[in-house]
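Here is what each chain is made of, one letter per residue.
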Amino acid sequence: QLSSKENKSRAAERLLTFVYYMTPSEWDAELDGGALRMYSPIMEQKKDEKNNNNNDNKDYGSHYFDVIPYADRLVVFRSDLMEHQVMPSLRRDRMAITVWLYGRVVCRGLHS
């Protein structure tokens, strides 16, 4: 458990990301691209447990899903836990509003 002095000295980090897409209503996933690629640390953790490999240098490349930037879609995720990548838009600009919430994760011990 961190003391209050240790906790205050830790820098705030990006904890939550909100992305609201304002793309044209006829956005095509294949022709327009621009997906938000979300890498799954849970799938990778299960793979590591199965292989008894506790290496911190994880390769997230094989376990991901794409969120297509369809109009009027809101995506919210834990930025500190979910590796992600914005894929390139292919034939036109992708429009979105992004908001990041910063803070510190505080773990509190259970009281007996």
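On a predicted model such as this, the values are computed, not experimentally measured, just so you know.

Q: How would you sum up a nonpolar patch on the surface? Please name residues and give values.
A: Together, M22, M95, I97, V99 and L101 line one region of the surface with nonpolar side chains, adding up to about 410 Å² of accessible area. With respect to the secondary-structure elements, I97 resides in strand β6 (residues 96-103).

Q: Account for the packing of aromatic side chains, naming residues and giving values.
A: Centre distance and the angle of the planes are the two values used to describe a pair of aromatic rings. Summed over all chains, the structure comprises one aromatic pair. Across from the ring centre of W100, 3.9 Å away, lies the NZ or CZ of R14, which sits over that ring.

Q: I'd like a rundown of the sheet that holds strand β5 (residues 84-86), residues and numbers included.
A: What the three strands build is an open sheet, ordered β3-β2-β5; its pairing is antiparallel. Two strands lie at the open edges of the sheet, namely β3 (64-67) and β5, each paired on one side alone. This sheet shows a mean twist of 20° between the axes of neighbouring strands, independent of strand direction. Relative to β5, strand β2 (residues 36-39) runs antiparallel, the two sharing three bridges. Residue pairing for β5: R37 is matched across the bridge by Q85.

Q: Lay out the pattern of salt bridges with the relevant residues and their values.
A: All chains considered together, the criterion is met by five salt bridges. In this structure, the salt-bridge partner of R92 is E26, at a minimum N-O distance of 3.1 Å. Highlighted residues: R92 in the loop between β5 and β6 and E26 in the loop between β1 (13-21) and α2 (29-32), separated in sequence by 66 residues. With a shortest N-O distance of 2.8 Å, R37 and D66 are connected by a salt bridge. Remark: D66 occurs in strand β3 and R37 occurs in strand β2; sequence separation between them is 29 residues. For R37, a relative accessible area of 17% puts it in the buried group. Residues joined by salt bridges that share partners form a network here, namely E26, D32, R91 and R92.

Procedures and definitions
- Residues numbered from 1 in each chain as written.
- Predicted model: local features only at pLDDT ≥ 70, side-chain atom pairs only at ≥ 80, totals over all residues.
- Heavy atoms only, no water.
- Patch = residues over 30% accessible without salt bridge, like charges linked within 9 Å, V, L, I, M, F, W, Y side chains within 5 Å.
- Areas by Shrake-Rupley, 256 points an atom, 1.4 Å probe, with all protein chains shown as cover.
- Salt bridge = Lys/Arg side-chain N within 4 Å of Asp/Glu carboxyl O.
- Helix = DSSP H or I, 4+ residues; strand = E, 2+ residues; numbered from the N terminus.
- Phe/Tyr/Trp six-rings, centres within 6.5 Å; stacked < 30°, edge-to-face > 60°.
- Lys NZ or Arg CZ within 6 Å of the ring centre and 35° of its normal.
- Pairing = 2+ DSSP bridges.
- Axes fitted to C-alpha atoms, helices over the stretch in contact; angles between N-to-C directions.
- Buried < 20%, exposed > 50% of the residue type's maximum accessible area, 1.4 Å probe, protein only.

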